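Structural features, examined
One letter stands for each residue in the lines below.
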Amino acid sequence: MTSVHRTFTADVPLEAVVGYLRDFAHAESWDPGTVTCTQNGAGMPCVGTTWHNVSEFRGRRTELTYELTYADPHRLTFVGKNKTATSTDDMTFESLGDKTSITYKATVKFNGLAKLADPIMKREFEKLADQIVELMPRTLEALPRS
């Protein structure tokens, strides 16, 4: 199992951050590995909503079905699965006035022979997490303000 953890701040109020990140299709803008992410079905994202995600990692594309498994005003959890891996993106949020502290934890559990890649993948996921620390706040801070 590979896990990365980062805490950073976005100059955006908590409700706007959680509202935006609740739609996992937006991962296209803040996750450097996501190529496309499309919600399955219509409606506002809620627990049980799923997305078809195509990601590119180390030059290879992979497809996962992500599900919003937990949502409250201070936490969102998405779990993506395919035959090779289970990926969990868990985000917690804390209001800092007009800013939001975001704690992002990604865990990938590989299945079968893919488990052998854990040590190599750890370094690659650390690099991706560093990119998310740059991209996610920039994306959130570029949202229209009401």
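Residues numbered from 1 in each chain as written. Predicted model: local features only at pLDDT ≥ 70, side-chain atom pairs only at ≥ 80, totals over all residues. Heavy atoms only, no water.

Let's shift gears to the overall build of the protein chain. Helix and strand content of the protein chain: 3 helices and 7 strands. Counting helices and strands in the order they occur from the N terminus, the protein chain gives β-α-α-β-β-β-β-β-β-α. With respect to the principal axes defined by its C-alpha atoms, the protein chain has extents near 50 × 35 × 25 Å. Residues counted as buried form 41% of the 146 residues belonging to the protein chain. In the protein chain, the proportion of contacts linking residues at least 24 apart, taken out of those at least 6 apart, comes to 49%. Approximately 8,000 Å² of the protein chain is accessible, and the part contributed by carbon and sulfur atoms is 53%. (Helix = DSSP H or I, 4+ residues; strand = E, 2+ residues; numbered from the N terminus. Buried < 20%, exposed > 50% of the residue type's maximum accessible area, 1.4 Å probe, protein only. Contact = heavy atoms within 4.5 Å. Areas by Shrake-Rupley, 256 points an atom, 1.4 Å probe, with all protein chains shown as cover.)

What follows deals with the pattern of salt bridges. Here the structure, examined in full by the defined rule, presents 5 salt bridges. The salt bridge partner of Lys 127 is Glu 124, with a shortest N-O separation of 3.7 Å. With Lys 127 and Glu 124 both in helix 3 (residues 118-141), this residue pair falls 3 residues apart, about one helical turn. Looking at Glu 124, the relative accessible area reads 22%, which means it is partly exposed. Among the charged side chains, a network of salt bridges with common partners joins Arg 6, Glu 126 and Asp 130. (Salt bridge = Lys/Arg side-chain N within 4 Å of Asp/Glu carboxyl O.)

Bringing the sheet that holds strand 6 (residues 85-96) into the picture now. Reading across the sheet, the 7 strands line up as 1-7-6-5-4-3-2 and stay open at both edges, with antiparallel pairing between neighbours. Across the chains shown, the open sheet's two edge strands, defined by having one partner strand only, are strand 1 (2-10) and strand 2 (34-40). Each neighbouring strand pair of the sheet contributes to a mean axis angle of 20°, computed without reference to strand direction. Pairing between strand 6 and strand 7 (residues 99-110): 12 bridges, direction antiparallel. Looking at the pairing, Thr 92 lines up with Thr 103 of strand 7. (Pairing = 2+ DSSP bridges. Axes fitted to C-alpha atoms, helices over the stretch in contact; angles between N-to-C directions.)

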